[in-house]
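Below are the chains, spelled out letter by letter.
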Amino acid sequence: MSWSLTLSVQSNSREDTRALADALITDEVVIWASSFEHFSFQLNEDKAKDLRAMLNTRMRGLIAVDSLLASLVDQSECSSTQGQ
């Protein structure tokens, strides 16, 4: 018996969604929706605990990239308001 999970990902913008997909490029095959609004990837493992571990690893990576993107937006907004 094997375990499978498909995760669909969409961020606040196409650019951010693209950055999230790029973060997975070395680990997963990313499948884009025809609209390029979101993408998905599939995890397959023989054991449920291995699937959970792989999901946790991928989610930590996505969360890290999302946090970095949010930080860059915050810094950009701060610098643009300071110049006014």
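Scroll up a little and you will see the structure.
Everything in this summary refers to the structure shown in the same document.

Reading guide: rules and limits
- Residues numbered from 1 in each chain as written.
- Predicted model: local features only at pLDDT ≥ 70, side-chain atom pairs only at ≥ 80, totals over all residues.
- Heavy atoms only, no water.
- Core = buried A, V, L, I, M, F, W, Y, C linked by side-chain atoms within 4.5 Å.
- Buried < 20%, exposed > 50% of the residue type's maximum accessible area, 1.4 Å probe, protein only.
- Helix = DSSP H or I, 4+ residues; strand = E, 2+ residues; numbered from the N terminus.
- Contact = heavy atoms within 4.5 Å.
- Phe/Tyr/Trp six-rings, centres within 6.5 Å; stacked < 30°, edge-to-face > 60°.
- Arc of directions from axis to C-beta.

One broad rule of soluble globular proteins: the nonpolar side chains tend to lie buried together. The biggest cluster of nonpolar side chains holds 12 residues, and these are Val-9, Leu-20, Ala-21, Leu-24, Val-30, Phe-39, Phe-41, Leu-43, Leu-51, Leu-62, Val-65 and Leu-69. The biggest single contributor to this core is helix α2 (residues 48–82), with 4 residues. Leave out the neighbours within four places in its chain, and Leu-20 touches Val-9, Ser-11, Phe-39, Leu-62, Val-65 and Asp-66.

So, on to the packing of aromatic side chains. Here the structure, examined in full by the defined rule, presents 2 aromatic pairs. Ring centres of Trp-32 and Phe-36 lie 5.9 Å apart, and the angle between their planes is 40°; this geometry places the pair in the tilted category. By way of ring pairs, the aromatic residues Trp-32, Phe-36 and Phe-39 are connected into one cluster.

Attention now goes to unusual backbone geometry. With glycine set apart, most residues show a phi of negative sign, and most peptide bonds adopt trans. One non-glycine residue with positive phi stands out, namely Phe-36, at about 60°. Along the chain, Phe-36 falls in the loop between β2 (31–32) and β3 (39–45). Exposure remark for Phe-36: the relative accessible area of 48% places this residue in the partly exposed category.

With respect to the element layout, Gln-10 can be found in the loop between β1 (3–9) and α1 (14–24). Overall, Gln-10 belongs to the exposed group, its relative accessible area being 51%. Ignoring anything within four residues of it in the chain, the contact list for Gln-10 reads Thr-17, Glu-37 and His-38.

All right, on to α1 then. Among the residues of α1, those classed as buried are Asp-16, Thr-17, Leu-20, Ala-21 and Leu-24. For α1, the buried positions fall inside an angular range of 145° around the axis, keeping them on one side.

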